[in-house]
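The lines below spell out each chain.
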Amino acid sequence: CSYYYDYKHPGTAVELDKCYYNVMADGPRQEKTNRCRDGKDTCRDCREMPVEEIYSVHFTLCSKPWHCPAWVGQNSVTKDICAKFHGEWFRIR
């Protein structure tokens, strides 16, 4: 991506909101430092977004929907949103 936007089309890149695009179900803070993942002073927990408002999901933390859910070690908030993501994936496929 950086070659395309840095050299072919400089100045045209747009940062998308991670609560709506490529949502990963990760917590808002880094575990080791407790700092916001997006580098801002105030963290927004994207796991609280209504699923209906999300445009795309990245199934890394939630595991792929076609595999058995392996949410071992995930907290209940992450497990809940992963279950919603999987349910929506099966609904629309």
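First, a word on what this report is: a plain description of the structure on this page. (Residues numbered from 1 in each chain as written. Predicted model: local features only at pLDDT ≥ 70, side-chain atom pairs only at ≥ 80, totals over all residues. Heavy atoms only, no water.)

**So, the overall build of the protein chain**
Summing up its helical and strand segments, the protein chain has two helices and zero strands in all. Taken along its principal axes, the extent of the C-alpha atoms in the protein chain is 40 × 35 × 20 Å. Looking at the protein chain as a whole, 25% of its 93 residues are labelled buried. In the protein chain, the share of contacts with a sequence separation of at least 24, taken over all contacts with a separation of at least 6, comes to 52%. Seen as two clouds, the 14 positive and the 13 negative side-chain charges of the protein chain have centres 5 Å apart. (Helix = DSSP H or I, 4+ residues; strand = E, 2+ residues; numbered from the N terminus. Buried < 20%, exposed > 50% of the residue type's maximum accessible area, 1.4 Å probe, protein only. Contact = heavy atoms within 4.5 Å. Lys, Arg positive; Asp, Glu negative; His and termini not counted. Charge placed at Lys NZ, Arg CZ, Asp CG, Glu CD.)

**Comments concerning the packing of aromatic side chains**
A full pass over the atoms with the stated rule returns six aromatic pairs. Judged by centre distance (5.0 Å) and plane angle (90°), the rings of Y4 and Y5 are edge-to-face. Residue classification places Y4 among the partly exposed positions, given a relative accessible area of 42%. Here the aromatic rings of Y20 and Y55 are separated by 6.5 Å at their centres, their planes lie at 50°, and the arrangement is tilted. With Y20 in the loop between α1 (2-8) and α2 (76-92) and Y55 in the loop between α1 and α2, this residue pair connects regions lying 35 residues apart in the sequence. Clustering of aromatic rings is evident, with ring pairs tying together Y20, Y21 and Y55. (Phe/Tyr/Trp six-rings, centres within 6.5 Å; stacked < 30°, edge-to-face > 60°.)

**What to know about the environment of P28**
Relative to the helices and strands, P28 is located in the loop between α1 and α2. Take P28: its relative accessible area is 21%, and that puts it in the partly exposed class. The spacing of P28 and Y3 is 25 residues in sequence and 29 Å in space, taken between C-alpha atoms. Apart from the residues lying within four places of it in its own chain, the contact partners of P28 are R35, C36, R37, C43, R44, D45 and R47.

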